[in-house]
Amino acid sequence: MVERKGAHSLISHLILFIGAATVIFPLYIALVAASHPAEELIRSTPLWFGPYLYDNLSSIMGQGFQAAGGAPVWRMMLNSFIMSMGIAIGKIAVSLIAAYAIVYFRLPGRGLFFFLILITLMLPVEVRIVPTFEVASNLGLIDSYMGLILPLVASATATFLYRQFFLTIPEELLEAARIDGAGPWRFFKDVAWPLSQTNTAALFVVTFITGWNQYLWPLLVTNQESMYTVVMAIQRMVNVPDAPVEWNLVMCTAILGMLPPLLVVLGMQRLFIKGLIEQEK
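Rules and cut-offs
Residues numbered from 1 in each chain as written. Predicted model: local features only at pLDDT ≥ 70, side-chain atom pairs only at ≥ 80, totals over all residues. Heavy atoms only, no water. Helix = DSSP H or I, 4+ residues; strand = E, 2+ residues; numbered from the N terminus. Rg over C-alpha atoms; globule rule 2.2 N^0.38 Å. Buried < 20%, exposed > 50% of the residue type's maximum accessible area, 1.4 Å probe, protein only. Contact = heavy atoms within 4.5 Å. Areas by Shrake-Rupley, 256 points an atom, 1.4 Å probe, with all protein chains shown as cover. Lys, Arg positive; Asp, Glu negative; His and termini not counted. Charge placed at Lys NZ, Arg CZ, Asp CG, Glu CD. 1 Å grid on protein atoms, 1.4 Å probe; cavity = no way out; pocket = protein on both sides within 12 Å on 5 of 7 lines; lining within 4 Å. Points joined across faces, edges and corners; volume = space filled by probe spheres on them. Nonpolar A, V, L, I, M, F, W, Y, C, P; charged D, E, K, R; others polar. Polar contact = N/O pair within 3.5 Å; in protein donor to acceptor, adjacent residues only side chain to side chain. Axes fitted to C-alpha atoms, helices over the stretch in contact; angles between N-to-C directions. Parallel < 35°, antiparallel > 145°, perpendicular 65-115°, else oblique. Left-handed = near helix turned anticlockwise from the far one by under 90°. Expected span 1.5 Å × (residues − 1). Salt bridge = Lys/Arg side-chain N within 4 Å of Asp/Glu carboxyl O. Phe/Tyr/Trp six-rings, centres within 6.5 Å; stacked < 30°, edge-to-face > 60°.

A.B. asks: Please clarify how the overall build of the protein chain should be interpreted in this entry.
C.D. replies: Check the secondary structure of the protein chain and you find 14 helices and zero strands. Reading the protein chain from its N end, one meets helices and strands in the order α-α-α-α-α-α-α-α-α-α-α-α-α-α. Relative to a compact globule of 281 residues, whose C-alpha radius of gyration would be 19 Å, the protein chain shows 24 Å and is clearly more extended. Within the protein chain, buried positions represent 37% of all 281 residues. Considering only intrachain contacts with a sequence separation of at least 6, the fraction spanning at least 24 residues in the protein chain is 70%. Approximately 16900 Å² of the protein chain is accessible, and the part contributed by carbon and sulfur atoms is 69%. Looking at charge distribution, the protein chain has the averaged site of its 16 positive side-chain charges lying 10 Å from that of its 17 negative ones.

A.B. asks: Quick question: what am I supposed to make of the layout of surface pockets here?
C.D. replies: A water-sized probe rolled over the atoms picks out the places where empty space is left. Here the largest pocket defines a volume of roughly 570 Å³. K91, R128, A154, S155 and A156 are the residues nearest the centre of the largest pocket, which is lined by 23 residues in total. Mapped by element, the contributors of at least two residues to the lining of the largest pocket are α4 (73-104), α8 (156-167) and α11 (197-212). At five residues, α11 tops the list of elements feeding residues into the lining of the largest pocket. For the lining of the largest pocket, the per-class residue count stands at 13 nonpolar, seven polar and three charged.

A.B. asks: I would appreciate a short explanation of the side chain of S155 in the present structure.
C.D. replies: Among the secondary structure elements, S155 is positioned in the loop between α7 (145-149) and α8. At 3.2 Å, the side chain of S155 and the backbone nitrogen of A158 are in polar contact. Those residues in contact with S155, other than ones at most four positions away along the chain, are K91 and S95.

A.B. asks: Would you explain the packing of α4 against α8 in this entry?
C.D. replies: In a pair of packed helices, the angle between the axes and the distance between the axes together describe the arrangement. Between α4 and α8, whose axes approach to 8 Å, the crossing angle comes to 45°. Judged on the interaxial angle alone, α8 and α4 are oblique. In the packing of α4 onto α8, the handedness of the crossing is right-handed. Contacts between α4 and α8 involve I92, S95, L96, A98, A99, Y100, I102, V103 and Y104 on the former and, on the latter, A158, T159, Y162, R163, F166 and L167.

A.B. asks: Just to check I follow, could you spell out α11 for this structure?
C.D. replies: For the α-helix, the turn length of 3.6 residues means that residues three or four positions removed from each other point alike. Counted at 1.5 Å a residue, the expected span for α11 with its 16 residues is 22 Å, and the 22 Å between its end C-alpha atoms agrees. Turning to α11, its buried residues number three or more, namely T200, A201, L203, F204, V205, T207, F208, G211 and W212.

A.B. asks: Help me understand the pattern of salt bridges in this model?
C.D. replies: It is possible for side chains of opposite charge to pair when their charged atoms get near one another. Taken as a whole and judged by the stated rule, the model has two salt bridges. Notably, a salt bridge pairs R186 with D190, separated by 3.4 Å at the nearest N-O pair. Taken together, the positions of R186 and D190, both in helix α10 (residues 184-195) and four residues apart, correspond to about one turn of that helix. Exposure remark for R186: the relative accessible area of 45% places this residue in the partly exposed category. Note that D190 is salt-bridged to K189, the shortest N-O span being 3.1 Å.

A.B. asks: In this structure, what is going on with the packing of α4 against helix α13 (residues 230-238)? I would like to understand it.
C.D. replies: At a closest axis distance of 7 Å, the pairing of α4 and α13 adopts a crossing angle of 135°. Taken together, the axis directions place α4 and α13 in an arrangement best described as oblique. Every residue of α13 that contacts α4 at V73, M76, M77 and S80 is listed here: V230, A233 and M237. For the contact of α4 with α13, the residue count by class is six nonpolar, one polar and no charged.

A.B. asks: Quick question: what am I supposed to make of the environment of P72 here?
C.D. replies: Locating P72 in the fold gives a position in the loop between α3 (53-62) and α4. Take P72: its relative accessible area is 18%, and that puts it in the buried class. Along the chain, P72 and I102 lie 30 residues apart, while their C-alpha atoms are 45 Å from each other.

A.B. asks: Hey, could you run me through the side chain of T132 in this one?
C.D. replies: As for its position among the elements, T132 is in helix α6 (residues 129-138). With residues near it in sequence (within four places) discarded, T132 still touches P151 and W217.

A.B. asks: Even after reading the chapter, I still don't get the packing of aromatic side chains, so can you show me in this structure?
C.D. replies: Within a pair of aromatic rings, the relevant descriptors are the distance that separates the centres and the angle that separates the planes. Counting across every chain of the model gives 16 aromatic pairs. Ring centres of W48 and F49 lie 5.3 Å apart, and the angle between their planes is 70°; on these two criteria the pair is classed as edge-to-face. Judged by its relative accessible area of 36%, F49 falls in the partly exposed class. Each member of the aromatic cluster is reached from another via a ring pair, and the members are Y100, Y104, F105, Y162, F165, F166, W185, F187 and F188.

Listed below in structure tokens is the structure:
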């Protein structure tokens, strides 16, 4: 039994190591490529770090890349961060309030409204891109942060998840709040919102990463170089007409563009664990 257990543990660790190496190896190659000059990457594929990582990062952060619009990468990352934060916070706020109203307010036709919200799941941004762009253009939202954020705020999925969570809250809590004289706002602030923080953290991570990775909508709604996002910058760097691709700068931009979502995931991880521990208690 001891030998079987040891063999089983060895196989499990081997599979885990192979999986981790498969995920980490592309990141390692990106870091190595970011530390070499472009000429060396054209001649060969180095497998160890070079001395130009700081120079490449300084160049891309300060001067930018002409094929990507000429704006520095820090500006594009700022645009992506503002857009992602706006989308995440907006989706959570709208979905939370909508789900709370559907569950706890006796509104006529609330089931119909919820059904209409769910129907929008069949209409992603790519399907309604033309009318959405026309509305944004008529409202003067082109080349603005509101234009990047507002059309992507509505989320039927988040509304559905919040509704399902609110339905699991015991009726005794609502009755106790009514006996204590708590109105709808106080019940929302003191009971519903604190209990849904774990769900909110998960939705925030998902919506932030989704907003950060948006490409099609920012491509349509931005014309000025100062409003480009980092995903647009990477795409423009790769598709350079009549010129070799400077892969060292592309890899630097990709690494920088990966850091904010990674930090968000690491920062929200403690809240996930806290929520699981509290549920066990």
